[in-house]
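# Report on the structure
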Amino acid sequence: MIEDRDHVDETWMRRALELARHADAEHGEVPVGAVLVVDGQMAGEGWNRNIGLNDPSAHAEILALRDAGQRLSNYRFPGAVLYVTLEPCAMCAMAMVHARVARVVYGATDPKTGAAGSVFDTLVSDRHNHRVAVHGGVLADESADLLRTFFRKRR
């Protein structure tokens, strides 16, 4: 069962990585991609669009949640899994809590603003009425390499 979940997690993370590459190649955005999966099906996708939309809230996770909301005509996603290539920040973590996402799976850790355990533990705080299970490090090297390459090109 764990092996199956690991395989599923890697499969969806590969899709998130495709979206991250798209963010960079097609839009010049920081390469972060996200996929929200409900009942084994893609419900929403997003990639960073902060620059193009002039919107500080246009993170990949937020856009994936918005996309799912439109597709499913709902703002809550109990049982859903959000796959994202970079550890969520506090803003995205709270959006997941409010959306009742069951689990987040991320690639690279964010040592500056990560809110899934590396800097903050927002998703599992007992102060919230909902907690999001966290699984980090899935295809972490590939996710981190995308980010390193992006920022190297910009320096």
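Calculation criteria
- Residues numbered from 1 in each chain as written.
- Predicted model: local features only at pLDDT ≥ 70, side-chain atom pairs only at ≥ 80, totals over all residues.
- Heavy atoms only, no water.
- Pairing = 2+ DSSP bridges.
- Helix = DSSP H or I, 4+ residues; strand = E, 2+ residues; numbered from the N terminus.
- Axes fitted to C-alpha atoms, helices over the stretch in contact; angles between N-to-C directions.
- UniProt positions renumbered as here; feature names shortened; annotations may be inferred.
- Contact = heavy atoms within 4.5 Å.
- Disulfide = S-S within 2.5 Å.
- Buried < 20%, exposed > 50% of the residue type's maximum accessible area, 1.4 Å probe, protein only.

Ordered in space as S2-S1-S3-S4-S5, the five strands form an open sheet in which the pairing is mixed. Only two strands of the sheet have a single partner each, and these edge strands are strand S2 (41-47) and strand S5 (133-136). The sheet shows a mean angle of 15 degrees between the axes of neighbouring strands, taken without regard to direction.

Looking now at the pairing of S2. Both strand S1 (residues 33-38) and S2 contribute to a ladder of six bridges, which runs antiparallel. Its bridge partner being in S2, Gly-33 is matched across the sheet by Trp-47. The antiparallel hairpin formed by S1 and S2 contains two residues in its connecting segment, where Asp-39 sits at a positive phi of about 50 degrees.

The next thing to look at is the UniProt feature "active site" (unreviewed entry) in the chain. Here the UniProt feature "active site" (unreviewed entry) sits at Glu-61. Within the element layout of this structure, Glu-61 appears in helix H3 (residues 60-72). For Glu-61, the contacting residues outside a window of four places in its chain are Ala-34, Leu-82, Val-84, Leu-86, Pro-88, Cys-89, Cys-92 and Met-96.

Moving on to the UniProt feature "domain: CMP/dCMP-type deaminase" (unreviewed entry) in the chain. Here, UniProt's "domain: CMP/dCMP-type deaminase" (unreviewed entry) annotation points to residues 7-120. Each end of residues 7-120 is marked by a C-alpha atom, and these two atoms are 28 Å apart; helix forms 42% of the span and strand 22%.

A complete count under the given rule lists zero disulfides for this structure. Take Cys-89: it sits in no disulfide, and the sulfur closest to it among the cysteines is that of Cys-92, at 3.8 Å. Here Cys-92 falls in the buried class, since its relative accessible area comes to 0%.

Let's shift gears to the environment of Leu-72. Here Leu-72 is to be found in helix H3. The spatial distance from the C-alpha of Leu-72 to the C-alpha of Pro-56 is 25 Å, given a sequence separation of 16 residues.

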